[in-house]
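As a plain string of letters, each chain reads:
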Amino acid sequence: MAPTSPASTRSTADTTTLADIGAELKRMAMRMVTKVDLTHLTNNLHKVIKSEVTSLKAEIKAQEHRIQQVEKRAQTTEDHSAATDTALKRQGTLILAMRRQLEDQDNRSRRNNIRIRGIPESPEGENIEEMLTSLFRIILREDTPALIKYDRAHRALRPRPTEGTPRDVICCLHSFAIKDLIMRKARSRAHWNYRGAEISLYNDLSPMTLEARRALRPVTTILRERNMQYRWGYPFSITVRYNNEWVSARWPEDIPQFLQRLNLPPTPVPNWVFMPLDPRPQPQRQARRRRWNSSGEAPRHRPDLNHPEE
């Protein structure tokens, strides 16, 4: 065998290398993405995006429907709330009007009543009507009528005190004219002397009126300090004559303007309309009920259950 030359060997190697490179390039070309592949990929991507967009549109539409329902319910709730507020304000106005009317009716039912404070306690069996007649004769003097008739008269309905301030005496005179005459005469003095004690006479008022007057005590204190005369009205009001003009207040919200018109400093006043009325303590009621049951007889005079001091 003839020996192979180096040049021949180099030529064969180059041919093999080029063939391998060509094959590799061919394989690479086959692996490259073609236009068909791109088109197929684009179509698939378009389908996926379209499906996702369609699903998203459906979800947005569902959310829009829910939002519309929520807005509709919110509007309904707002309308209902506004109607409820209007109804509550109307109910509040009606309740205040009923309270004012009830207070007025309560005071009217007490028009003939006089509350006497300071009469010393007497032993059981005291004749209250004779005692009151004696007191009224001192007050009326020559104007004393021939007969003073009482519908009822009794001590305040609470336990007899062992010491200290005696219980008030409440009487209901049969004639309002005589009652009015007694009160007009009684106003000439702050106190009357009876049985060695200082006696004061007051109109018997409803608990609501008493609470309102207590709430206005800071205002009446200023009025007295400035010698400004005031008077109470029925239904409840406070009235002052200032610069030839009557200035009145009936409700707590009237007080700021009332003070401003009288050139008085701003004074805080509790809202007496919503102040709770303290009922008579329960043990006192039970004690009276026990006395009633043990004796088997009704009290001599009809009780006045509504007065807060009893």
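Above this note sits the structure.
Quantities reported herein were computed from a predicted structural model and do not represent experimental measurements.

For the rest of this paragraph, the subject is the environment of Ala-190. The residue Ala-190 is located in the loop between helix 4 (176-186) and strand 4 (192-194) in this model. Among the residues examined, Ala-190 registers a relative accessible area of 62% and is labelled exposed. Between the C-alpha atoms of Ala-190 and Leu-201, which are 11 residues apart in sequence, the distance is 8.7 Å. With near-sequence residues (within four places) excluded, Ala-190 lies in contact with Ile-199 and Ser-200.

Next up on the list: the side chain of Thr-133. Mapping Thr-133 onto the fold places it in helix 3 (residues 128-140). Polar side-chain contacts of Thr-133 include one of 2.9 Å to the side chain of Tyr-150. If near-sequence neighbours (up to four positions away) are discounted, Thr-133 is found in contact with Ile-148 and Tyr-150.

The next subject is a nonpolar patch on the surface. Together, Leu-18, Ile-21, Leu-25 and Met-28 make up a nonpolar patch on the protein surface, roughly 400 Å² of accessible area in all. Within the fold, Met-28 resides in helix 1 (residues 6-31). Classification of Met-28 as partly exposed rests on a relative accessible area of 40%.

Where helix 2 (residues 35-109) contacts helix 5 (residues 207-215), the two axes come as close as 8 Å, and the packing angle between them is 105°. By the angle between their axes, helix 2 is roughly perpendicular relative to helix 5. Every residue of helix 5 that contacts helix 2 at Arg-99, Leu-102, Glu-103, Asp-106 and Asn-107 is listed here: Pro-207, Met-208 and Thr-209. For the contact of helix 2 with helix 5, the per-class residue count stands at three nonpolar, two polar and three charged.

Right, let's get into the side chain of Asp-106. For Asp-106, the position within the fold is in helix 2. On the basis of relative accessibility, which here comes to 15%, the residue Asp-106 falls in the buried class. Discounting residues that sit within four places of it in the chain, Asp-106 has contacts with Ser-206 and Pro-207.

Along the chain, Asn-243 turns up in the loop between strand 7 (237-241) and strand 8 (246-249). Overall, the relative accessible area of 60% leaves Asn-243 in the exposed class. Remark: the alpha-carbon pair of Asn-243 and Leu-262, spanning 19 residues in sequence, is separated by 8.9 Å.

Ordered by their spatial adjacency, five strands build an open sheet running 2-3-1-5-4, and the pairing between neighbours is antiparallel. Strand pairing shows two members of the sheet lacking a second neighbour, strand 2 (150-155) and strand 4, which therefore form its edges. Put simply, the sheet's adjacent strands are angled 30° from each other on average, direction ignored. On the sheet, helix 4 packs against strand 1 (113-117), strand 3 (169-173), strand 4 and strand 5 (197-203) and is oriented at approximately 130° with respect to strand 5.

Procedures and definitions
- Per chain, residue numbering runs from 1 following the sequence as it is written.
- A pLDDT threshold of at least 70 governs which residues receive local features in this predicted model, and a stricter bar of 80 or more applies before side-chain atom pairs are shown or counted, although totals over entire chains, interfaces and linings include all residues.
- To obtain the side-chain values, all non-hydrogen atoms of the structure were used and water was disregarded.
- What counts as a helix is a DSSP run of H or I of at least four residues, what counts as a strand is a run of E of at least two, and both are numbered from the N terminus.
- In this scheme, a residue with accessible area under 20% of its type's maximum is buried, one over 50% is exposed, and one in between is partly exposed, where area comes from a 1.4 Å probe on protein chains only.
- The criterion used for residue contact is that any of the two residues' heavy atoms lie within 4.5 Å.
- In protein, a polar contact requires one atom able to donate a hydrogen and another able to accept it; more generally it is a pair of N or O atoms within 3.5 Å, and residues adjacent in sequence count only if both atoms are side-chain atoms.
- The patches described consist of residues with a relative accessible area above 30% and no salt bridge, like charges being joined within 9 Å and nonpolar side chains (Val, Leu, Ile, Met, Phe, Trp, Tyr) within 5 Å.
- Accessible areas in this description were obtained via Shrake-Rupley with a 1.4 Å probe; residue shielding takes into account the shown protein chains only.
- A pair is scored as a salt bridge if a Lys or Arg side-chain nitrogen falls within 4 Å of a carboxyl oxygen belonging to Asp or Glu.
- Axis angles are defined between N-to-C directions and span 0 to 180 degrees, where every axis is a line fitted to C-alpha atoms and, for a helix, only to the segment in contact.
- For classification purposes, angles smaller than 35 degrees are called roughly parallel, those larger than 145 roughly antiparallel, those between 65 and 115 roughly perpendicular, and all remaining angles oblique.
- All residues other than Ala, Val, Leu, Ile, Met, Phe, Trp, Tyr, Cys, Pro, Asp, Glu, Lys and Arg, Gly among them, are scored as polar; the first ten of these are nonpolar and the last four charged.
- Only when DSSP finds a minimum of two bridges between them are two strands counted as paired.

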